[in-house]
Structures are given as structure tokens and as C-alpha cells.
Amino acid sequence: MLIAVFSRIPKSFLSTFSILLSFIQFIGLIYFIFQLQGNHLAIHLNWFSLGDSEFRASFEANPSAQLVSLLVALVAFLVQIFSSSYLQDEPKLARYYLYLHLFAAAMYALLFADQIWIFYASWEMVGACSYLLISFWYQKDVAIKAAKKAFLLNRLGDIGLLIGLIGLSIHFDTMEFSSMQIGSVGPAPITIGIALLVGAIGKSAQFPLMSWLPDAMEGPTPASALIHAATMVAAGVYLGIKIYPFTGEDTHLFMAVIGAISLVSGAIFALFQNDIKKALAYSTISQLGLMWMGMGSDASLLHLVVHGIFKAGLFLAAGSVIHYLHHQKSSRHLDAQSLNQMGGLRKQLPWTALGYGVFAASLMGLPFTNGFFSKENLAGLLWENAQNSPFYSFYWTLLACLGVGMLLSNWYISRQFYLIFLGENRSKLALEKSSKRNIPQHFPVLLLALFSLFFWTSTNFLHIHDSSLVNWFQIKTFEVPAFWLVITAFSWVIGLSLTWFSRHWIPAKNYQFWAAFWPSIFQFIPWKARWTHVIDILFLDRFLIWLAQLQVVTGHIIAWIDQSLVDGILVGFSTKTSQISGHFLSKWQSGKVQHYWILVFLTFGLFLLYVWM
């Protein structure tokens, strides 16, 4: 609201004002969480009543919500600093900052909401902010199409979420997540769990609703770092974390299977991109799939936070590369996002190359990075379940998918680092080294690189159990077997080797998952409408007309039967019989005594005749 009020002030002051607001918010959140000392805080306010039902506005700050809110605040603050340089020539800067603050507010509401309808409203507001930022440069037709695609595919998933929330409230007879205890009613049925996860599939761009996220890169790169890499897309994972305690293992396995498919397919498609942002988008899909394989447990939560830091850093570092190429005289009218225009940029962008290298190492799960802890922790979870669960065959399959996904991840991210920063420039551009340091761009990248290193999570670079961060937020960790470390090491070696052998190959275009899916939807709808019209005219309308005519004919037949048979025969015959019998019997009642005496003697005579015979 303050940004809207002061939108007319000069852009330099507007950026400083917005960054200051975001910094105050960040510091205030740190103080709030520090005061809680790792404990829960619940607030229940009377909202409204409907008949005998009372509705409360309920919020809960549990450790998982506190941790993810810190991630949102940190990334939002650094993205705003980065944006002050990246979008310094943008005429609609106030609108951009307004959307960023609105998104942060919606995300906080989603994280702390305990009442299911406040959660749903926050969920939709987050999606609306995504739509607004994807279509921020609405002058570009491709940005409008991408925003529509993201909006519609998310709404498709949200139908499932709405049905699932209604099912939850009916099953547990409450509208607050904190009151949903398994107790005597048992865990939520798998149908409710799947319905909820359908909504999460749309939000997290998981299989099969994954095609919108690469197109969402049409929005500003810093916004993509915040929304489509670090926080909003992780809301689907957070929903899985929220429902984990009161859903069964069948629901958890459904989530893990969807994650395994997304992990492998997203990594494969990341290899076949020549656009730096689209490659990172498919990387995000793949890493979100890795979180889904954690099934909403604490392993998912840890990787959510770790990934949010290094993936936001990757997007901001990619933004620095794009910004640098876009402002080079020799690269005008060229695609600044294409890997064909890159190569050898370590000389011109040494700090960006350093940050990108740290982020890539964290994504690969190399030692001395937080990514090593979170990936091995996920493997430990799957290994532990494979030993103790009747569904052990599923967990072994998931472990195999995790190994393949790690190998592909190591390949595509190390290859991307080589294509951007190593070797020589492939377009032979006469690149100029910047004469001054771009602090607003370098500071966020280097700070996120620092947060991607191991000592923030644990003082032991190979073990996480002595971590104060894990203990503060009550995150359960899992032991990984020794053989898995050998598999992990082999994936690093093979991934880097494949990068070396494929270092000269760049895809000719950006290959998309199920490219015909999106236009086919629109082709299917008119086709369905045409056939519905034909069936309606040729069959349905004719059947209804024939049915109406049959009703009219049947009505006439029934009317004739009623008038001629029922009224004419049954009613008329009985009336005539009654009239004749009444007329005959009325003759006996003449009122003359002599007639009565004649009948008496006649009757007595007939009686004597009967006795005598």
C-alpha cells in the first residue's frame, strides 16, 4: 500500500524505499522467530457465524512455517536489491515492486494460515501474483500467452485442491489444520490426499502439469528467482508437508512417484535447452520432484530451503549474465539468453562466475555445500523406509530414480556452467569488461553463495546431526548408508565426464515437455464443442422431440380410455343397473295395505309349499 501511495517519487528513491520496507520486514521476522525459541504460536480469532457454525480466523507459526518464511523474506529482500540495478530503466517500476510486496504478503499468509479457507485464498493470491509478474511486460504477446497458460494450468490443479480441502473438513469435522488428528477416524483417505496433491502438482509444475514453468520465464528474471524458483513453486511441497501427519503411506507414495517422474524428466529436458532461463526452469521442476520424493517429510522441508537459496542464486546470476550481454554494443539484436552467445564470460564476470559455481556445486550435492546434506538426507529417508515398510519395492525403485536424477542433474548443471563461463565466446563477440562493480547485482549473488555453503547448516561438512539450525527448527534427519556415498561419488564423476564429452554440443532449439499439449487443449475444446453440437441436434434434440410427441399421443389415448371405457362402460353401466334395480324395488313400496297383505300371504304360501315338498 505504501508503494502504491508513493509510486510517483523518482525511481531511485522508490527502489531505496521498497528495499527498506523489505529489510524492515526481514529483520522483524527474524526477531519474531527468535522470540518464539523454536516453539509454536497459534492465534484463533472469531471471524463470523453461519447458523450454528462458528468460523475462526486461525493462524499458526509452527517451526516449518517459520523456516520457510525466513527463506521468503531473505530471497524477497535480495531480489529487490538486485532489481534496483536490473530494472533501473523500467518505466513501470512501482507496479513491479507492488507485485513483489503483494506476493510476499500472500506467501506469508499461506505459510501461517491454519484455517483451510484462508489457506486457499492465500494460495489463489500467490497464483494471481505469479500471473501478474509473468505478464509484467504485457506489450509482448508471448508474455501474455505464458501468463494465460500458467493461470489456466494452475486453476486446473486448484479444482483438485478445493475438493481435497472440502474432503478434509468433512473427514476430520474441522476447518483447521492443527485440529486434524488421526485419532479414531484414521488417516485421510487416499482420494482426499490425491485431490490435494493435484493442486500441489499444478503449483509446483510437476508431471503432467509441468509445461507452464519454462514459459513463465517471460517475466522479469529477478521475479522468476523469487516466485518461480525459490518460493511460490515450493508452495506445493509445503502443502505436502502440511498434510503429511494426517495422510497415509499410500498418499505419500503417490507424491513420491510423481516426484520421481518429474525429477528424471525435468533433468532430461534441462539438457535440451539453449535458453539459460528455460534450462533453469526445467532444473527447478527436477529439483521440486526431488522434494516430492521426500513425501512431505522433514527431508522435503530441508531440501526446500536449501534449494530455495541456491536456485534463487542461480537465477540472479543468470540475470547478471543476461543483463551484461544485453548492454554490450556488440551483442545488440542478439538473444542475450541463448547459450550460443555465451562462453568465456568468467573473464568479464568473475564474481558472477564464482557465485554460479557455488550454486551449481550445491545443486550437484558436492561436499562443503548445503545441497550435499539435503540430498543425502533424502536418500537416507528412502533407505530407512525401504528397510521398514511393506512397500519396500517402491522405495528401492525410488532410490534408483534418485540415482539417475542425480547423474542427470550433475550433467546438465556442470555443462551449463561450462557453456556460460568457460572456453571462448562462441559468437566471437567483442565483450567489454565493466569498468565499475555492479554492487546491487553482486551483493545478492555472493550473499546467497555464502548461504549455500555448509557451515550455515552444520559445522561438520559431512554430517548434519550437530546442526543448531536443524535443532532450532526441529527437523528430523536420516542416516545414509555408506554404499550410497559411493553411488553419489560415481554420479559426480560420470556427470562431469559427460559434460566434458558434450561441451561442444548446444541444442538447436528449446525442447519442451509434451510440446503439443497446450495447443492440443484448445484444438480439443472446439472439436468437442462441434461434436457436442452435432450430437445435440441429431440425437438429443430428436430424442426429446420424439419423447414429447409420444407423451402427447399417450395423453390422447389415456383420455379416450378414460372417457369411453372408464366413464362410458364402468361408470355408465353401474349407473344404469342401479337405476333399473331401484325402479323395480321401488314398486314394492306402494304405500297400500292390501298390497302388503297379498305379499305376506304369497310369501307364507310359498313357504308352506317348500316345507310340504
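Residues numbered from 1 in each chain as written. Predicted model: local features only at pLDDT ≥ 70, side-chain atom pairs only at ≥ 80, totals over all residues. Heavy atoms only, no water.

Novice: Teacher, can you tell me more about the overall build of the protein here?
Specialist: Of the regular secondary structure elements, the protein holds 21 helices and two strands. Taken over the C-alpha trace, the protein has a radius of gyration of 37 Å; the compact-globule value for 613 residues is 25 Å, which it surpasses by more than 25%. Seen along its three principal axes, the alpha-carbon backbone of the protein occupies a region of about 150 × 55 × 55 Å. Among the 613 residues that make up the protein, the fraction classed as buried is 51%. In the form shown here, the protein has an accessible surface area of approximately 29100 Å², with 70% of it arising from carbon and sulfur atoms. Mean positive and mean negative side-chain charge positions of the protein (35 and 28 charges, respectively) differ by 13 Å. (Helix = DSSP H or I, 4+ residues; strand = E, 2+ residues; numbered from the N terminus. Rg over C-alpha atoms; globule rule 2.2 N^0.38 Å. Buried < 20%, exposed > 50% of the residue type's maximum accessible area, 1.4 Å probe, protein only. Areas by Shrake-Rupley, 256 points an atom, 1.4 Å probe, with all protein chains shown as cover. Lys, Arg positive; Asp, Glu negative; His and termini not counted. Charge placed at Lys NZ, Arg CZ, Asp CG, Glu CD.)

Novice: Honestly, the side chain of Thr231 in this entry has me stumped. Any pointers?
Specialist: Structurally, the position occupied by Thr231 is in the loop between helix 9 (221-230) and helix 10 (235-243). Contact partners of Thr231, with chain neighbours within four places excluded, come to Val72, Phe103, Met107 and Leu226. (Contact = heavy atoms within 4.5 Å.)

Novice: How should the packing of aromatic side chains be read in this particular structure?
Specialist: When we look at a pair of aromatic rings, we describe it by the centre distance and by the angle of the planes. Within the structure shown, the criterion is met by 26 aromatic pairs. Between Phe119 and Phe177, the aromatic rings sit 5.4 Å apart at their centres with planes inclined by 75°, giving edge-to-face as the arrangement. Within this pair, whereas Phe119 is found in helix 5 (residues 116-134), its partner Phe177 is found in the loop between helix 6 (141-172) and helix 7 (190-203), the two being separated by 58 residues in sequence. For the pair Phe119 and Phe177, one class covers both residues: buried. For the ring pair Phe372 and Phe373, a centre distance of 6.1 Å and an interplane angle of 65° mean the geometry is edge-to-face. By the ring-pair criterion, three or more aromatic residues cluster together here, those being Tyr96, Tyr97, Phe136 and Trp137. Looking at Arg155, its charged tip hangs above the ring of Phe151, at a distance of 4.5 Å from the centre. The ring centre of Trp500 lies 3.7 Å from the NZ or CZ of Arg503, which sits over that ring. (Phe/Tyr/Trp six-rings, centres within 6.5 Å; stacked < 30°, edge-to-face > 60°. Lys NZ or Arg CZ within 6 Å of the ring centre and 35° of its normal.)

Novice: Help me understand the pattern of salt bridges in this model?
Specialist: For side chains of opposite charge, pairing can occur when their charged atoms come near one another. Enumeration over the complete set of coordinates arrives at eight salt bridges. The salt bridge involving Asp215 is made with Lys149; its shortest N-O contact spans 2.8 Å. One end of the pair, Asp215, is in helix 8 (residues 212-215); the other, Lys149, is in helix 6, with 66 residues separating them in the sequence. As far as burial versus exposure is concerned, Asp215 and Lys149 are alike and both buried. For Glu424, the salt bridge is made with Lys347, and the minimal N-O distance between the two is 3.6 Å. Taken together, the residues Glu424 in the loop between helix 16 (392-421) and helix 17 (439-451) and Lys347 in the loop between helix 13 (298-326) and helix 14 (350-364) connect sequence positions 77 residues apart. A single salt-bridge network, built from bridges that share partners, covers Glu124, Arg155 and Asp158. (Salt bridge = Lys/Arg side-chain N within 4 Å of Asp/Glu carboxyl O.)

Novice: Just to check I follow, could you spell out the pairing of strand 1 (residues 41-50) for this structure?
Specialist: Each regular strand shows side chains that alternate between the opposite faces of the sheet. Where strand 1 meets strand 2 (residues 53-61), nine bridges bridge the pair, whose relative direction is antiparallel. Along strand 2, the bridge assignment pairs Leu50 with Ser53. (Pairing = 2+ DSSP bridges.)

Novice: Is there a simple way to explain helix 2 (residues 11-36) in this structure?
Specialist: An α-helical turn contains 3.6 residues, so a residue and the one three or four places further along point in the same direction. Over its 26 residues, helix 2 extends 38 Å from the first C-alpha to the last, a length consistent with the 38 Å expected when each residue adds 1.5 Å. All buried positions along helix 2 are accounted for by Leu14, Ser15, Ser18, Ile19, Ser22, Phe26, Leu29, Ile33 and Leu36. Tucked into the core, helix 2 has its buried residues touching helix 1 (2-5), strand 1, strand 2, helix 3 (63-86), helix 4 (93-112) and helix 18 (468-472). (Expected span 1.5 Å × (residues − 1).)

Novice: Help me understand the environment of Trp612 in this model?
Specialist: Among the secondary structure elements, Trp612 is positioned in helix 21 (residues 593-612). In the structure, Trp612 is positioned 371 residues away from Ile241 in sequence and 110 Å away in space, judged by C-alpha atoms.

Novice: Got a minute to help me understand the packing of helix 12 (residues 276-293) against helix 15 (residues 370-388) in this structure?
Specialist: Each pair of packed helices gets described by two things: the angle between the helix axes and the distance between those axes. Viewed as axis vectors pointing N to C, helix 12 and helix 15 meet at an angle of 40°, and their least axial separation amounts to 10 Å. It follows that helix 12 is oblique to helix 15 by the angle criterion. Considering how the two elements wind past one another, helix 12 and helix 15 form a crossing that is left-handed. Facing Gln287, Leu290 and Met293 of helix 12, the residues of helix 15 in contact are Lys375, Leu378 and Leu382. (Axes fitted to C-alpha atoms, helices over the stretch in contact; angles between N-to-C directions. Parallel < 35°, antiparallel > 145°, perpendicular 65-115°, else oblique. Left-handed = near helix turned anticlockwise from the far one by under 90°.)

Novice: Would you take a moment to explain the nonpolar core for this structure?
Specialist: Proteins that are soluble and globular tend to have nonpolar side chains buried together. In this structure, Tyr96, Leu168, Trp212, Leu304, Leu345 and Ile420 are the most contacted members of the largest nonpolar core, which totals 156 residues. A total of 17 residues in this core trace back to one element, the largest contributor, which is helix 13. The residues touching Leu168, leaving out its near neighbours within four places in the chain, are Asp173, Thr174, Phe177, Met180, Ala188, Ile192, Leu196 and Phe246. (Core = buried A, V, L, I, M, F, W, Y, C linked by side-chain atoms within 4.5 Å.)

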